[in-house]
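Each chain, letter by letter, is given below.
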Amino acid sequence: MLNNTYIHIPGVGKGLERKIWAQGIHTWKEFLEMEDRISIPSSRKARICEGVRISSEHLAAKDHCFFSQCLPSAEHWRAYSLFSDSAAFVDIETTGLSKSRDEITIVGIYNGKESKTYIKDINLDDIVEEFSKYRLLVSFNGARFDLPFIKSEFPEIEFNQLHIDLMYPLRRIGYSGGLKNIEKLLGITRSDGTEGITGFDAVRLWKKYEKGDREALDTLIKYNREDTVNLKTIIELTYPKMVENALNA
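Residues numbered from 1 in each chain as written. Predicted model: local features only at pLDDT ≥ 70, side-chain atom pairs only at ≥ 80, totals over all residues. Heavy atoms only, no water.

Under an unreviewed UniProt entry, the protein has the name YprB ribonuclease H-like domain-containing protein and belongs to Methanosarcina barkeri MS.

Here it is as structure tokens:
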């Protein structure tokens, strides 16, 4: 979907983008090849052509920073198919909801092949290096919760990646509510050990672990890993509908 996108080019809004699509022009390649047939003012057309050429160069270089800066944050989902090979599916657990009073207990990262768990007072500091490996982050409510929480504890992390907060594009295609509700709507099931666990339960599990219950930590890690793995399942299932919805809006 990224190379069907024009709204990251200065002077192009969603209305003009839809006008381009309505003329049968979708990809950047088609725009350059069929430039003479596109009925928009020549000066604007020239700026878009230049924007397309620049964008093509940055995409060929896998320059995520370019698109993260110029693409509206609500549209970062459009980059998924072209940056999914360098994606981190992220979810955190905390002692509560306040960045000023509470702490991160676990950061889970799934790279599409391997789940990695970073735990308070064990290896949590390793997330600084880990996040630097990725061009794209995928979360659920991460724009308001996970990433600001991480940034509060680890200000040295730049977070210059593309970031898909799935909560918002999912709402546009009819999937609302929390992550667990959306999983059920999509037919995604949890394991016996984590079915029904909530964020509040995650806080309780951490407190039990602090009192010496290692099994509580194991359950919390499993719960967190399922969160991150399911994020990938969700976007894989819904991305085609996101694209269809955008193109036909």
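### With respect to unusual backbone geometry
One non-glycine residue, D121, lies in positive phi territory at about 70 degrees. As for its position among the elements, D121 is in the loop between β3 (115–119) and α6 (127–131). When its relative accessible area of 70% is taken as the criterion, D121 is described as exposed. Notably, F159 is not glycine yet its phi reads approximately 50 degrees, a positive angle. With respect to the element layout, F159 can be found in the loop between α7 (142–153) and β5 (162–165). Taking the relative accessible area as the measure of exposure, F159 reaches 18% and is therefore buried. (Helix = DSSP H or I, 4+ residues; strand = E, 2+ residues; numbered from the N terminus. Buried < 20%, exposed > 50% of the residue type's maximum accessible area, 1.4 Å probe, protein only.)

### With respect to helix α3 (residues 42–60)
Taking 1.5 Å per residue as the helical rise, α3 with its 19 residues ought to reach 27 Å, and the 27 Å between its terminal C-alpha atoms agrees with that figure. Along α3, the residues that are buried comprise K45, I48, C49, G51, V52, S55 and L59. Check the buried side of α3 and you find it contacts α1 (14–22), α2 (28–33), α4 (64–70) and α5 (80–83). With its phi angle positive at about 55 degrees, K62 sits one or two positions after the end of α3. (Expected span 1.5 Å × (residues − 1). Contact = heavy atoms within 4.5 Å.)

### Some points on the pattern of salt bridges
Per the counting criterion, the structure on display carries 17 salt bridges. When the shortest N-O distance is used, the salt bridge between R78 and E17 registers 2.8 Å. Separated by 61 residues along the polypeptide, R78 in the loop between α4 and α5 and E17 in helix α1 bring together distant segments of the chain. In this structure E17 comes out as buried when scored by relative accessible area, which is 1%. One salt bridge connects E75 with R172, and the closest N-O pair in it is separated by 3.2 Å. With E75 in the loop between α4 and α5 and R172 in helix α8 (residues 167–172), this pair connects stretches of sequence that are 97 residues apart. Since its relative accessible area comes to 36%, R172 is described here as partly exposed. Several salt bridges share partner residues, and in doing so they unite K14, E17, E75, R78 and R172 into one network. (Salt bridge = Lys/Arg side-chain N within 4 Å of Asp/Glu carboxyl O.)

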